[in-house]
Amino acid sequence: MVLFFMFPIRPAPVYILIACIVLLTVILALGAGCINTGAPAPSSGAVTEKPLPYTGNYTPGEIARLAGNATETANASLAAIAAIPPQERTFDNTLGAFDRTMTDYADATLVLTVMGYVSPDPVIAQEGMEAQETVTVFTNSVYSRKDLYSVLKNQSPENAGEARLYNVTIKAFEHNGLALPQDRLDEVSALKANLTGLEAEYSANLNSDTTAIAFTGDELAGVPRLSLATFDRAPNGSYLVTTKYPDYIAVMTYATDSGTRKRMYVADVNVQAVNNTKLLEEAIVLREQIAYDLGYDTWADYQLDGRMAKNTSNVMAFLNALKEPLTGKNQADMAGLLAIKKELDPAATTVDSWDVVYLEEIQKKQQYDYNEEEFREYFPADTVIPKMFGIFGTLYGVRFDKIENAAVWSPDVQLYRVENTTDNATVGYLYLDLYPRDGKYSSFMESSIVKGREKNGTYSVPVVAVIANCPAPANGTPSLLTMYDLESLFHETGHAMHDLLTTAPYGTLSGTSVAWDFVETPSQTMEEWAYDPQVLVSLSGRYTNTSEKIPQDLAEKAIAARNVGIGIQYSSQLAYALEDMRFHTATGPVDVTEVWNETYYEIKGRPIVNGTHQPASFGHLMGGYDAGYYGYLWSKVYALNVVDTFERDGMTNQTTGLKFRNEVLSQGNMQEGTVLLEKFLGKEPGTGALYGFLGIQQPQAASDTT
Ligand SMILES: [Zn+2]
């Protein structure tokens, strides 16, 4: 049982992948493996236009007070549910009321906790992170209450929707240890509270990290003028380069001096090395103890119970099947990079970690005649964003209207109202926070802020935030997006649409509140639109003259260049998934640096760079993806099956888009993901799509494990 996650993740060192975090209000991110016999009827009532939850800057102390009030209100409602005399209990005044209470609580607190990731004020950001800890501890305590459990358990659902709510809710209680005697349950609750504290501290350390490396102009030779203009300057004139994504990637891609790239790389994989390594190792031991107390052999066994993958051995079979073909693909990619390095330096015998992105960029130019700096000129954010919303609008029958003068947490944040094109009804609201800021989460993420659900006979519309780190405008030049930025924006907006288009009646089952290994399906599906030639051209408009589209051949080169390093990228993704599973299938203290070193060696064929500490900034492992990182690859299988359908019907085919909206996105967790997908696809999703995408051979024994 979890509550409330984002999909934040720091970009993987050097090998950059989309691996965002979603701040889920997943009160029940479980996807109970139980019956589900049909979707609920879509809400037919009117839509509630609620006031937006963010109304202006918080004052110091206000977030703590509001979080405290929300907890008090929720506790009073829960006490009222537990106190209903047995003869007066109905499904609605027990399970229904429980769902409403937990969703009201999420609606009151998500806006507070998201401040931990976006507030420009360090005091407010700190209070936001503390509120997240409060919320997680509270939620754990709720699902540990035997009085509530016994009231809820004794109800009888009367239709498919009620049955789903009943099964998922009861499973969440039972997963949290309700079968234990009270003293052991109390012990588990205390351990979980400690764990939450460690996780919050780890995340806060990353968000508030101010690592910056000083470089002279000479040391940054090769880095484009546009990027240099965005770096801070020290009084002596040197450039201060942070480890935030746009800074980091500009240096790793373009700095000609390998010493510069090495310093940058080492700084990045040493962010919070001392503090966070210790916190992660402590968390792993606590998780082992909790899993053991709850009757599971390992934390992974505990986490996977109720997920789509079902158990540890299914996950390991899935990952292990990818190992040999992906390791081979990685070696082939690295051999290609070595050949390029030898052209620059005939004495070179190895490719170092800090060479990879740099050499890949050269490879894109040499083999694909592709220059990303030329590409970026055609993708100014102000031109791309409305066009991207237009693509989502066409597919899903909605439009995005910008609301001027809205209350936002930073002047560069935008707010959109999302409306149905058919009846103009408001579907929800989307905050768009595009650029890096001090104290802001450093990569890409999406967060729910208000959950969609039926309320008082109407539909209460969802509110979401897309939080990005696109290159900031500087010195009169607008924000010019890279292919990675485009892919990431489609990915996060994919999560946002999952939240926005929900029609699930219950807030605890709506939007992205689905199984962890399904949640990345809509997002990883939508990434692929950035790589469709027609879509890509339609998004473009050169910043000097926005009516000038990207030349077709440059767009095609950008798409073809995606193949550069795909084996390196996905073998890294596999290494991270294995690292996570090894941390969380252990039965004793874990030296995370050593396990990472062994795993890296096994997949990459070389040791990690001496003295680096990647686990200290692997934010997923302390942000809800523990024993869950495999979910990216697992969901990618589902996503690629969906994309196949769109490729067959047309990437902007509205009939198919609306079908995906109605049969998958709108459903939230009202049915299991596989059931929704099979309805949409008309067949079971197969892993062959992933092997095909990666250009690797599927081992005979590894037929469809998903
Ligand atoms: Zn994501």
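Here the structure is a predicted model, which means the values were calculated and not measured. (Residues numbered from 1 in each chain as written. Predicted model: local features only at pLDDT ≥ 70, side-chain atom pairs only at ≥ 80, totals over all residues. Heavy atoms only, no water.)

Student: Looking at this structure, how should I read the overall build of the protein?
Tutor: Regarding its fold elements, the protein presents 26 helices and 13 strands. At 24 Å, the protein has a C-alpha radius of gyration in line with the 27 Å of a compact globule built from 706 residues. Referenced to the eigenvectors of the C-alpha coordinate spread, the extents of the protein come out at roughly 85 × 60 × 60 Å. Within the protein, counting contacts between residues at least 6 apart in sequence, those at least 24 apart form 76% of the total. On the protein, roughly 24,300 Å² of surface is accessible, and the fraction owed to carbon and sulfur atoms is 50%. (Helix = DSSP H or I, 4+ residues; strand = E, 2+ residues; numbered from the N terminus. Rg over C-alpha atoms; globule rule 2.2 N^0.38 Å. Contact = heavy atoms within 4.5 Å. Areas by Shrake-Rupley, 256 points an atom, 1.4 Å probe, with all protein chains shown as cover.)

Student: Whenever I open this one, the pairing of strand β10 (residues 445-450) confuses me. Can you help?
Tutor: Each regular strand displays side chains that alternate between the two surfaces of the sheet. Counted residue by residue, β10 has 6 buried out of 6 residues, so it is predominantly covered. Of the pairings in the sheet, the one linking β10 to strand β13 (residues 463-467) comprises 5 bridges and is antiparallel in character. Within β13, the position partnered with Met-445 by the bridge is Ile-467. (Buried < 20%, exposed > 50% of the residue type's maximum accessible area, 1.4 Å probe, protein only. Pairing = 2+ DSSP bridges.)

Student: Just checking my understanding: could you explain the nonpolar core for this structure?
Tutor: Buried together is how nonpolar side chains tend to be arranged in soluble globular proteins. Of all hydrophobic cores here, the largest spans 182 residues; its most connected members are Phe-98, Leu-319, Leu-322, Phe-379, Tyr-396, Leu-430 and Trp-529. Beyond its immediate chain neighbours, meaning those up to four positions away, Trp-529 contacts Ile-391, Leu-395, Phe-490, Val-535, Val-643, Phe-646 and Met-651. One finds Tyr-54, Leu-112, Ala-204 and Val-408 within the second-largest nonpolar core, a separate group that totals 28 residues. (Core = buried A, V, L, I, M, F, W, Y, C linked by side-chain atoms within 4.5 Å.)

Student: Can you walk me through the sheet that holds strand β5 (residues 232-233) in this structure?
Tutor: Taken in spatial order, the 3 strands of this open sheet run β4-β6-β5, and their pairing is antiparallel. If you trace the sheet from one side to the other, it starts and ends with β4 (212-215) and β5, each paired once. Both β5 and strand β6 (residues 239-242) contribute to a ladder of 2 bridges, which runs antiparallel. Paired with Arg-233 across the bridge in β6 is Tyr-239.

Student: What am I meant to see in the side chain of Thr-477 here?
Tutor: Among the structural elements, Thr-477 can be located in the loop between β13 and α17 (483-500). Setting aside chain neighbours within four positions, we find Thr-477 in contact with Arg-225, Leu-226 and Tyr-543.

Student: Sorry if this is basic, but what is going on with the packing of aromatic side chains here?
Tutor: The description of an aromatic ring pair rests on the distance of the ring centres and on the angle between the ring planes. Tallying each qualifying case throughout the model produces 38 aromatic pairs. Taking the centre distance of 5.9 Å and the plane angle of 85 degrees together, the rings of Tyr-630 and Trp-634 count as edge-to-face. By way of ring pairs, the aromatic residues Trp-516, Tyr-576, Trp-596, Tyr-600, Phe-618, Tyr-625, Tyr-629 and Tyr-632 are connected into one cluster. Sitting over the face of the ring of Tyr-358, Arg-261 holds its NZ or CZ atom 3.8 Å from the ring centroid. (Phe/Tyr/Trp six-rings, centres within 6.5 Å; stacked < 30°, edge-to-face > 60°. Lys NZ or Arg CZ within 6 Å of the ring centre and 35° of its normal.)

Student: Please explain unusual backbone geometry as it appears in this structure.
Tutor: Backbone geometry follows two general trends: most residues other than glycine have a negative phi, and most peptide bonds adopt the trans configuration. The phi torsion at Lys-310 lies on the positive side, around 75 degrees, for a residue other than glycine. For Lys-310, the position within the fold is in the loop between α12 (299-304) and α13 (312-344). In this structure, Asn-475 takes a positive phi of about 50 degrees despite not being glycine. Tracing the backbone through its elements, the reader meets Asn-475 in the loop between β13 and α17.

Student: Is there a simple way to explain helix α16 (residues 381-396) in this structure?
Tutor: In this model, α16 (16 residues) spans 22 Å end to end at C-alpha, consistent with the 22 Å of a helix rising 1.5 Å per residue. Positive backbone phi, approximately 70 degrees, marks Gly-397, located one or two places after α16. (Expected span 1.5 Å × (residues − 1).)

Student: Got a minute to help me understand helix α22 (residues 592-604) in this structure?
Tutor: Because each turn of an α-helix spans 3.6 residues, side chains separated by three or four positions end up pointing in the same direction. Look at α22: 17 Å from first C-alpha to last across 13 residues, which is about the 18 Å you get at 1.5 Å a residue. All of the buried residues in α22 are Val-592, Thr-593, Val-595, Trp-596, Thr-599, Tyr-600, Ile-603 and Lys-604. Mapping the buried residues of α22 onto a view down its axis gives an arc of 160 degrees, with all of them on the same face. Against the buried residues of α22 lie α11 (273-293), α13 and α21 (566-583). Positive phi appears at Gly-605, one or two residues downstream of α22, with a value of about 75 degrees. (Arc of directions from axis to C-beta.)

Student: Hey, could you run me through the side chain of Ser-238 in this one?
Tutor: Tracing the sequence through the fold places Ser-238 in the loop between β5 and β6. Looking at Ser-238, its side chain comes within polar contact range of the side chain of Asn-236, at 2.8 Å. Leaving out residues up to four positions away in the same chain, Ser-238 has contacts with Ala-214, Phe-215, Asp-232 and Arg-233. (Polar contact = N/O pair within 3.5 Å; in protein donor to acceptor, adjacent residues only side chain to side chain.)

Student: Looking at this structure, how should I read the packing of helix α7 (residues 182-207) against α11?
Tutor: Two quantities define a packed helix pair, namely the angle between the axes and the distance from one axis to the other. Where α7 meets α11, the axes come as close as 9 Å, and the angle between the chain directions of the two elements is 160 degrees. Our classification of the angle between α7 and α11 gives roughly antiparallel. Note on packing geometry: the crossing formed by α7 with α11 is left-handed. Here the residues of the contact of α7 with α11 are counted per class, giving 11 nonpolar, 5 polar and 8 charged. (Axes fitted to C-alpha atoms, helices over the stretch in contact; angles between N-to-C directions. Parallel < 35°, antiparallel > 145°, perpendicular 65-115°, else oblique. Left-handed = near helix turned anticlockwise from the far one by under 90°. Nonpolar A, V, L, I, M, F, W, Y, C, P; charged D, E, K, R; others polar.)

Student: Would you take a moment to explain the pattern of salt bridges for this structure?
Tutor: Close approach of charged atoms allows side chains with opposite charge to pair. A full pass over the atoms with the stated rule returns 33 salt bridges. Between Lys-171 and Asp-305 there is a salt bridge, and its shortest N-O distance comes to 3.0 Å. Pair noted here: Lys-171 is in helix α6 (residues 160-175) and Asp-305 is in the loop between α12 and α13, with a separation of 134 residues, a long-range link. Residue classification places Asp-305 among the partly exposed positions, given a relative accessible area of 22%. The salt bridge involving Arg-437 is made with Asp-412; its shortest N-O contact spans 3.5 Å. You can see Arg-437 sitting in the loop between β9 (426-433) and β10 and its partner Asp-412 sitting in the loop between β7 (398-403) and β8 (414-420), a full 25 residues away along the chain. For Asp-412, a relative accessible area of 28% translates into the label partly exposed. A network of salt bridges, in which partner residues are shared, links Asp-104, Asp-107, Arg-453 and Lys-455. (Salt bridge = Lys/Arg side-chain N within 4 Å of Asp/Glu carboxyl O.)

Student: Is there a simple way to explain the environment of Leu-191 in this structure?
Tutor: Mapped onto the elements of the fold, Leu-191 is located in helix α7. Relative accessible area serves as the criterion here: at 14%, Leu-191 is assigned to the buried category. As for Leu-191 and Ala-283, which are separated by 92 residues in sequence, their C-alpha atoms are 9.8 Å apart. With near-sequence residues (within four places) excluded, Leu-191 lies in contact with Leu-286, Gln-289, Ile-290 and Asp-293.

Student: What is the right way to read the pairing of β13 from this model?
Tutor: β13 sits mainly inside the fold: 5 of its 5 residues count as buried. Burial along β13 is two-sided: Val-463, Ala-465 and Ile-467 and Val-464 and Val-466, pointing in opposite directions, are all buried. Sheet topology places β9 next to β13; 5 bridges connect them, and they run parallel. Within the sheet, the bridge partner assigned to Asp-433 lies in β13 and is Ile-467.

Student: How do you make sense of the packing of helix α4 (residues 122-142) against α7 when you look at a structure like this?
Tutor: Relative to each other, α4 and α7 sit at 160 degrees, their axes nearing to 9 Å. Taken together, the axes of α4 and α7 are roughly antiparallel relative to one another. Once α4 is placed against α7, the crossing between them reads as right-handed. Listed contacts from α7 to Met-129, Glu-133, Thr-136, Val-137 and Asn-140 of α4 are Lys-192, Ala-193, Thr-196, Gly-197, Ala-200, Ser-203, Ala-204 and Asn-207. Across the contact of α4 with α7, the residue classes break down as 5 nonpolar, 6 polar and 2 charged.

Any functional reading would require information beyond the geometric quantities listed.
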